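# Observations on the model geometry
Listed below, chain by chain, are the residues.
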Amino acid sequence: MIIKLSEQEYHKILKQAEDEFPKEACGLMAGLKREDEIEITEAFPMTNVDDSAEHFSMNPEEQFAVVKEIRAKDYELIGNYHSHPYTPSRPSKEDKRLAYDEDKIYFILSLKDEEPVLKAFEIMDQQHVTEIELEIVDSV
């Protein structure tokens, strides 16, 4: 499986993460699933109500509104994303513990190094992590 994300949506996530640094930024990813490919059509920035550099919780009212918007656009909720301001792009113990939905993809953008790194993961049984190929493309 490969995930395709447009440069425009990637830069939306990156700008949010840089603007909210040193706090973790978070949001939802919507798109279309095909047999061997997922296209992320839109990233929806959300408010990190934890206001923290080490963890995040999304605003429930914003989540509800975004899920309605995703359905209205005939997209699927593909997963969520968050930034790691100071740590690598891999799920932390807390990320794994809170990965309740095995059908969703978990995107993590690391700002630890000079060059940001965005990766995508499946998390099974709240502990088994598999990285999924992610391609940033001109458009989807």
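These numbers were taken from a predicted model, which means no experiment stands behind them.

## Looking at the overall build of the chain
Along its length, the chain carries three helices and seven strands. Each helix and strand of the chain, ordered N terminal to C terminal, gives the series β-α-β-β-α-β-α-β-β-β. Overall, the chain is about 35 × 35 × 30 Å in size when its C-alpha atoms are taken along their principal axes. Looking at the chain as a whole, 43% of its 140 residues are labelled buried. Long-range contacts, defined as pairs at least 24 residues apart, comprise 65% of the intrachain contacts of the chain with a sequence gap of at least 6. As displayed, the chain offers around 8000 Å² of accessible surface, 45% of which is attributable to carbon and sulfur atoms. Across the chain, 16 positive and 33 negative side-chain charges occur, with their mean positions spaced 3 Å apart.

## Concerning the sheet that holds strand S7 (residues 128–137)
Strand order around the closed barrel formed by seven strands is S1-S3-S2-S4-S5-S6-S7, with mixed pairing between neighbours. Taken over all neighbouring pairs, the strand axes of this sheet differ in orientation by 35° on average, direction set aside. The pairing of strand S2 (residues 26–33) with strand S4 (residues 76–84) spans six bridges and is antiparallel. In the sheet register, Gly31 faces S4, and the bridge partner there is Glu76. Across the sheet, helix H1 (residues 7–20) is in contact with strand S1 (2–6), S2, strand S3 (37–46), S4, strand S5 (105–110), strand S6 (117–124) and S7; its angle to S3 comes to roughly 30°.

## A short note on the environment of Ile105
Structurally, the position occupied by Ile105 is in strand S5. With 26 residues separating them in the primary sequence, Ile105 and Gly79 have C-alpha atoms 4.5 Å apart.

## Remarks on the nonpolar core
Within the largest apolar cluster, 21 residues are counted, with the highest numbers of intra-cluster contacts made by Ile3, Met29, Ile40, Ile105, Phe107 and Leu109. Of all elements in the fold, only S1, H1, S3, S4, S5, S6 and S7 reach the threshold of two or more residues within this core. Of the residues forming this core, the biggest block, four residues, is contributed by H1. Those residues in contact with Met29, other than ones at most four positions away along the chain, are Leu5, Ile13, Ile40, Glu42, Ala43, Glu76, Leu77, Ile78, Gly79, Asn80, Tyr81 and Phe107. Listed in part, the nine residues of the second largest apolar core include Cys26, Phe44, Phe56 and Ile70.

## Looking at the pairing of S3
It is a general feature of regular strands that their side chains alternate between the two faces of the sheet. With eight of 10 residues buried, S3 lies mostly within the body of the structure. Both S1 and S3 contribute to a ladder of four bridges, which runs parallel. When the sheet's bridge partners are listed, Lys4 is paired in S3 with Glu39. As paired strands, S2 and S3 are joined by eight bridges and run antiparallel to one another. Its bridge partner being in S3, Ala30 is matched across the sheet by Glu42. Count of turn residues in the S2/S3 antiparallel hairpin: three residues.

Basis of the calculations
- Residues numbered from 1 in each chain as written.
- Predicted model: local features only at pLDDT ≥ 70, side-chain atom pairs only at ≥ 80, totals over all residues.
- Heavy atoms only, no water.
- Helix = DSSP H or I, 4+ residues; strand = E, 2+ residues; numbered from the N terminus.
- Buried < 20%, exposed > 50% of the residue type's maximum accessible area, 1.4 Å probe, protein only.
- Contact = heavy atoms within 4.5 Å.
- Areas by Shrake-Rupley, 256 points an atom, 1.4 Å probe, with all protein chains shown as cover.
- Lys, Arg positive; Asp, Glu negative; His and termini not counted.
- Charge placed at Lys NZ, Arg CZ, Asp CG, Glu CD.
- Pairing = 2+ DSSP bridges.
- Axes fitted to C-alpha atoms, helices over the stretch in contact; angles between N-to-C directions.
- Core = buried A, V, L, I, M, F, W, Y, C linked by side-chain atoms within 4.5 Å.

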